[in-house]
Amino acid sequence: MNHTNMVLLAGATGYLGSYIAKELQTRKIKTKLLVRNTKKAAMLQSIYSTLIPAELTQPNTLTPHFEGVTTVISTVGITRQKDGLTYMDVDYQGNLNLLNAAKKEGVQKFIYIAALNGDLHRNLKIMEAKEAFVDALKASGLSYCIIRPNGFFSDMKDFLQMAEKGKIYLFGNGEKKINPIHGADLAIACVDAIASTSTEINIGGPDILTQNEVAQAALLAYGKPIHIIHLPHLLRKGIIWLLRTFTSSKTYGPYEFFLTLRAEDAIAPRFGSHRLQSFFQKEVDQLRGK
């Protein structure tokens, strides 16, 4: 890897961002970590990185920090809205502010973490904002790579929460397939993308599992009997309709996203070595203080 690379990483304190920060450190790549909260990010600091407090939603806080930067990696996005900010404020406008600053300061490459099949789901609030930014990035004239991961292992914790109570609810017959990916594996691919010529990468974890298999793994991690209840898709559609009708996008955004994606296969090219079963077991052991 070329040591003249300097990376500016936005979103370093998030689930994926923290793994990317560690991967850059392992490879001894100089990094500027753009963070909102330096206290929260203190553990990510190393001899190869500098912490930079900045707000993506305030473009004037960004420009001074691009000196020497060759590549920007952005994992910035919100799953659950807070601070009164919308998906368009953060996933679209925040990233656009970053892109504009990068262009102005002569950055060579911009790597953005979007979502698998996001372009097919622009009707979902989360995807609408992400894909609007993808369009802007493609039109920017900068060299870019859009990484589209399948679900993260951390998204699968919903299964564990149900498993703890002894039964898991699935929509349909539970045979839809997914291969979620661990943050550490995805981070390797994100850092590899610095030198890659690919402009778009779909990526998932090593195991392709049905939702029933994910549910079984979650129940087994707790040592519970297999108890899976299958609900009709009509109910799922009804819940989405009710949420869209009676709540704001702030409330319904994440539910709309997860409920829609639970109704279809999401299979991406396989990558990495972390297994979902081990992740579940580790999570449960930690909760039990083992």
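Predicted model only: the values in this text are computed from it and were never measured.

1. Quick look at the packing of helix H1 (residues 15–26) against helix H6 (residues 183–192)
No. 1: Running from N to C, H1 and H6 point in directions that differ by 60°, and their axes come no closer than 8 Å. When the axes of H1 and H6 are compared, the pair comes out oblique. Like other packed secondary-structure pairs, H1 and H6 cross with a definite hand, here right-handed. Seen from H1, the contacting residues are Tyr15, Leu16, Tyr19, Ile20, Glu23 and Leu24; seen from H6, they are Gly183, Ala184, Leu186, Ala187, Ile188, Cys190 and Val191.
No. 2: Across the contact of H1 with H6, the residue classes break down as 11 nonpolar, 1 polar and 1 charged.

2. Remarks on the sheet that holds strand E6 (residues 143–149)
No. 1: Pairing is parallel in the open sheet, where 7 strands are placed in the order E3-E2-E1-E4-E5-E6-E9. Looking at strand neighbours, the two that pair on one side only are strand E3 (49–53) and strand E9 (200–203), the edges of this open sheet. Neighbouring strand axes in the sheet, compared pairwise and without regard to direction, differ in orientation by 15° on average.
No. 2: As defined by bridge partners, strand E5 (residues 109–113) adjoins E6 across 5 bridges and the pair is classed as parallel. Each bridged residue has a counterpart across the sheet, and for Lys109 the counterpart in E6 is Ser143.
No. 3: Across the face of the sheet, H1 comes into contact with strand E1 (6–10), strand E2 (30–35), strand E4 (71–74) and E5 while running at roughly 165° to E1.

3. Remarks on the packing of aromatic side chains
No. 1: Counting across every chain of the model gives 7 aromatic pairs.
No. 2: Centroid distance Tyr112 to Phe133: 4.8 Å. Interplanar angle 70°. Geometry classified as edge-to-face. Of this pair, Tyr112 sits in strand E5 while Phe133 sits in helix H4 (residues 125–138), and the two are 21 residues apart along the sequence.
No. 3: What makes Tyr112 buried here is its relative accessible area of 0%.
No. 4: Judged by its relative accessible area of 0%, Phe133 falls in the buried class.

Rules used in this analysis
Residues numbered from 1 in each chain as written. Predicted model: local features only at pLDDT ≥ 70, side-chain atom pairs only at ≥ 80, totals over all residues. Heavy atoms only, no water. Axes fitted to C-alpha atoms, helices over the stretch in contact; angles between N-to-C directions. Helix = DSSP H or I, 4+ residues; strand = E, 2+ residues; numbered from the N terminus. Parallel < 35°, antiparallel > 145°, perpendicular 65-115°, else oblique. Left-handed = near helix turned anticlockwise from the far one by under 90°. Contact = heavy atoms within 4.5 Å. Nonpolar A, V, L, I, M, F, W, Y, C, P; charged D, E, K, R; others polar. Pairing = 2+ DSSP bridges. Phe/Tyr/Trp six-rings, centres within 6.5 Å; stacked < 30°, edge-to-face > 60°. Buried < 20%, exposed > 50% of the residue type's maximum accessible area, 1.4 Å probe, protein only.

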